Amino acid sequence: MNRHLVQFLAVFVKEVRQTVQDRRMVFLLTVAPLIQLVILGYAIDLDVDRVPTVVIDLDGTADARRAVAGMMADGTLEMVDQLGSVDEGEAALEAGWADVVLVVPEGFARSLLRRDPARLQVLVDGTDPTRSSVAAGTVNGYLAAQAMQAPGASGGPGVDVRARLMFNPTMSSPIYMVPGIAGMLLLIITTVITAMGLAREKEVGTLEQVRVTPLSPRILMAGKVAPFVLVGLLDVTACLAIGAWLFDVPLRGNLLLFYAFTAAYLLTTVGAGLLVSTVSSSQQQAFVVAFMFMLPAMLLSGTMTPIHAMPDWIVPFTWVNPLRFYLEGVRGVLLKGATLADLWPQLAILTGYGVLILWTASTRFRKRLA
Amino acid sequence: MRHFFIRVGALAHKESLHIVRDPRTLYLGLVLPLVMLILFGFGVSFDLDHIPLAIVDHDQTTDSRRLITDWTASGEFELVGSLSDPDHAAGIFAAGKAAAVLTIPAGYARTLARGEVASVGLQVDGADGQAAQQALLRADAYGRLASARARHIQVAPVGADVWTRFNPAGRSALFLVPGVTAYVLAMVAVLLTALSVAREWERGSMEQLFATPVGRLDIVVGKLLPYLAMGVVQVLLVLTAGAWVFGVPTRGNVLVLGLASVLFMLGMLGQGLLISVITRNQMVATQASTLSSMLPSLMLSGFLFPVENMPLPLRMASSLVPARYYIEVLRGVLLKGNGWSDQAGSLLALAAFAAVMVAMSTVRFQRKLA
């Protein structure tokens, strides 16, 4: 057998044994991420619905009640209480148990009857801008729809927007969040463990001992990262299975392309971990530095908020973010059935970053070891 | 009792020296939260403008161009190109070039002129849920706008006056800064202490500590105090930066905020200490603390995703996440002008969490070698 292969396998086996030795580590690397995926998959629901609403009906007529019921009809707003005065409504907003206060003024029905402009008052808790704009939009949408049907306004020309949601017709949040969560979990697990693994050898002093063996630095590195690339591939497979099983995440494209993206992405994450370990002398330092890389990567990837919504000066930062390209690739393959023809730029960039990071890390590593 | 203070003081002094002599830990503690606040504050935005829109205009009339201008004028949609066939939408989405395609059929202007309702099609890329949701919401509004104009409706008989309280301009930063504060502090706090005890076990210095008269409560308190002091500085830095860079107001009782901050930091530091005490291994400790603090504080705290929307088991789980209560206090005090009575429940929850964590760390701390 090839001498290099023997050496590689020796390091590989040693690393696997060392990791498996601590059962808690095995749990943290395999089961824990899947539990996270399940919890987060269920947690993330960006649909705004059941917004707690307090109604203050100062009119008290059948028309007023009908209007209120109409606004609650689509489930976006949910009436939690009826109060007597606007002051009580404001107090409810401040205490936080209501996010919307709907005030039907006295004489609402009379104004409607006389075709005077009848005004409703809506107080919205603007703390969460998305929620407040959806809530206000619901009220306005209902009123606009009523206005269209009012005598004299109905009929006539109009524009009807027929929206069709592609790839995710039920607008299920997990379907588009699972790829992002999987990418974040891979990043957290593989980067940190690679960074700390080497830092531990330095800290404990075993790296010194390795230097007296005939191992070349590159083989040592390859043997050290290979187990975690495998762990990453294993985790991503489990994520895919759980995603498909619990959340109906589809696989519309090519499975091989999915793994190609994952492998390229893992090169960047373990490469980043190695690079971090070359600049740190203790595990704590390694973790701090890895952390400084991970947080912006997660944030500026498009997982949480779309990249086109970010300010222009921040967008260039996303160009150097592997998670961004992984997310685009994986969402493309899984949800959109994208092929290599669609996604080759992302795959090429990701592979390029992977090779570049690993090469830099191994060069630095060799220098430090020598 | 006097001896207790002397022992704790000595341990706290030793731990402070550790911190001061490791600039990277100081960096993690003091600079990282600020960097994160600024990155999050600018990078994460729910003002989802610039949704990339492609158009298919089969009508090519003044009316159809008017409709396109309506959609793109406000910056909510950004015109990225035009297609000849709506069937190409899937390909455009797969390549990630647009997030929505608006199709105006031939005869659009003629249908309007005849006084009938014209349908236009909108295909939305459901793979990015947030953008898709915004696109659908806005499509509705633009549809109504176009209809109202076609019918020359001037004054709707019923309208709503919407007053948005607390955040009238609907700025994402006001919503996010409290969440970011809690998130960043939670992570940094847990990480700082998670490694501190495990490191002593790994390096063998714990054995030396056992040869001294210090008890386990001395060690726990002595370890917590320096980090708590650092945490208070962190809170002040982050809140000052929030007020200064993002214009976050302080409308409520600062004392409530101060007490909540101390309790929250104590709870998170205690959680890190507990992890450290149980694991005795830095690698296991970091994995355990990232998984137990990083993701829950991000996903289950109401920071980005409203707790009300989660299924019941997760709402119950989120009641065990201290970041959730701290965010409630931050939003309540900073934005809503809350005082003691509004936030008593949250303060109590934070105090309970801190007490349980510190007590458990002390109890689980075994003063013997494994």
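So, a few notes on the structure that sits alongside this text.

**Brief notes about the overall build of chain A**
So, point 1. Across its full length, chain A carries 14 helices and five strands.
So, point 2. Taking 370 residues into account, the globule formula puts the C-alpha radius of gyration at 21 Å, and chain A, at 28 Å, lies well above it.
So, point 3. In chain A, which comprises 370 residues, the share counted as buried stands at 58%.
So, point 4. Restricting to contacts in chain A with at least 6 residues of sequence separation, those with at least 24 account for 79%.
So, point 5. For chain A, the accessible surface area stands at approximately 14900 Å², while carbon and sulfur atoms represent 63% of it.

**Comments concerning the overall build of chain B**
So, point 1. A count of helices and strands for chain B gives 14 helices and five strands.
So, point 2. The C-alpha radius of gyration computed for chain B amounts to 28 Å, which surpasses the reference 21 Å derived for 370 residues by more than 25%, pointing to a less compact arrangement than a globule.
So, point 3. When burial is assessed residue by residue, chain B has 58% of its 370 residues classed as buried.
So, point 4. The contacts in chain B between residues at least 6 apart in sequence include a share of 81% that link residues at least 24 apart.
So, point 5. When the accessible surface of chain B is totalled, it reaches about 14300 Å², and 63% of it is carbon and sulfur.
So, point 6. Of the charged side chains in chain B, 29 are positive and 24 negative, and the gap between their average positions amounts to 13 Å.

**Regarding unusual backbone geometry**
Trans is the prevailing form of peptide bonds, just as negative phi is the prevailing case for residues other than glycine.
So, point 1. A positive phi angle, near 55°, is found at Asp248(A), a position not held by glycine.
So, point 2. Of the residues examined, Asp248(A) reaches a relative accessible area of 58% and is grouped as exposed.
So, point 3. If you check the backbone angles, Gln60(B) has positive phi at about 55° while not being a glycine.
So, point 4. Relative to the elements of secondary structure, Gln60(B) occurs in the loop between strand S1 (51–57) and helix H3 (62–73).
So, point 5. Given the relative accessible area of 52%, Gln60(B) is considered exposed.

**Section: the interface of chain B and chain A**
So, point 1. Each side of the interface is counted separately: chain B has 116 residues, and chain A has 114 residues.
So, point 2. Together, the buried faces of chain B and chain A total about 10400 Å²; carbon and sulfur atoms form 64% of this surface.
So, point 3. Where chain B meets chain A, there are one salt bridge.
So, point 4. At the surface where chain B touches chain A, the tally comes to two residue pairs in polar contact (both at pLDDT 80 or more).
So, point 5. Looking at which element gives the most residues to the side of chain B that touches chain A, the answer is helix H6 (residues 129–150) of chain B, with 15 residues.

**Details of the packing of helix H7 (residues 173–204) of chain A against helix H11 (residues 283–299) of chain A**
Residues and elements named next belong to chain A.
So, point 1. Relative to each other, H7 and H11 sit at 160°, their axes nearing to 8 Å. One finds that H7 runs roughly antiparallel with respect to H11. Considering only the axes of H7 and H11, their crossing is right-handed. Of the residues in H11, those touching H7 at Met184, Leu187, Ile188, Thr191, Val192, Ala195, Met196, Ala199, Arg200 and Glu203 are Gln283, Ala286, Phe287, Ala290, Phe293, Met294, Ala297 and Met298.
So, point 2. Its residues placed into classes, the contact of H7 with H11 shows 14 nonpolar, two polar and two charged.

**Comments concerning the pairing of strand S2 (residues 77–82) of chain B**
Residue and element names in this part refer to chain B.
So, point 1. When S1 meets S2, the two strands line up parallel, connected through five bridges. Within S2, the position partnered with isoleucine 55 by the bridge is serine 82.
So, point 2. Handedness of the crossover is the feature at issue here: the chain leaves S1, passes through H3, returns alongside S2, and the resulting connection is right-handed.

Rules behind the numbers
Residues numbered from 1 in each chain as written. Chains lettered and ligands numbered in written order. Predicted model: local features only at pLDDT ≥ 70, side-chain atom pairs only at ≥ 80, totals over all residues. Heavy atoms only, no water. Helix = DSSP H or I, 4+ residues; strand = E, 2+ residues; numbered from the N terminus. Rg over C-alpha atoms; globule rule 2.2 N^0.38 Å. Buried < 20%, exposed > 50% of the residue type's maximum accessible area, 1.4 Å probe, protein only. Contact = heavy atoms within 4.5 Å. Areas by Shrake-Rupley, 256 points an atom, 1.4 Å probe, with all protein chains shown as cover. Lys, Arg positive; Asp, Glu negative; His and termini not counted. Charge placed at Lys NZ, Arg CZ, Asp CG, Glu CD. Buried area = accessible area lost by both parts, 1.4 Å probe. Salt bridge = Lys/Arg side-chain N within 4 Å of Asp/Glu carboxyl O. Polar contact = N/O pair within 3.5 Å; in protein donor to acceptor, adjacent residues only side chain to side chain. Axes fitted to C-alpha atoms, helices over the stretch in contact; angles between N-to-C directions. Parallel < 35°, antiparallel > 145°, perpendicular 65-115°, else oblique. Left-handed = near helix turned anticlockwise from the far one by under 90°. Nonpolar A, V, L, I, M, F, W, Y, C, P; charged D, E, K, R; others polar. Pairing = 2+ DSSP bridges. Right-handed = clockwise from strand over helix to strand, strands pointing away.

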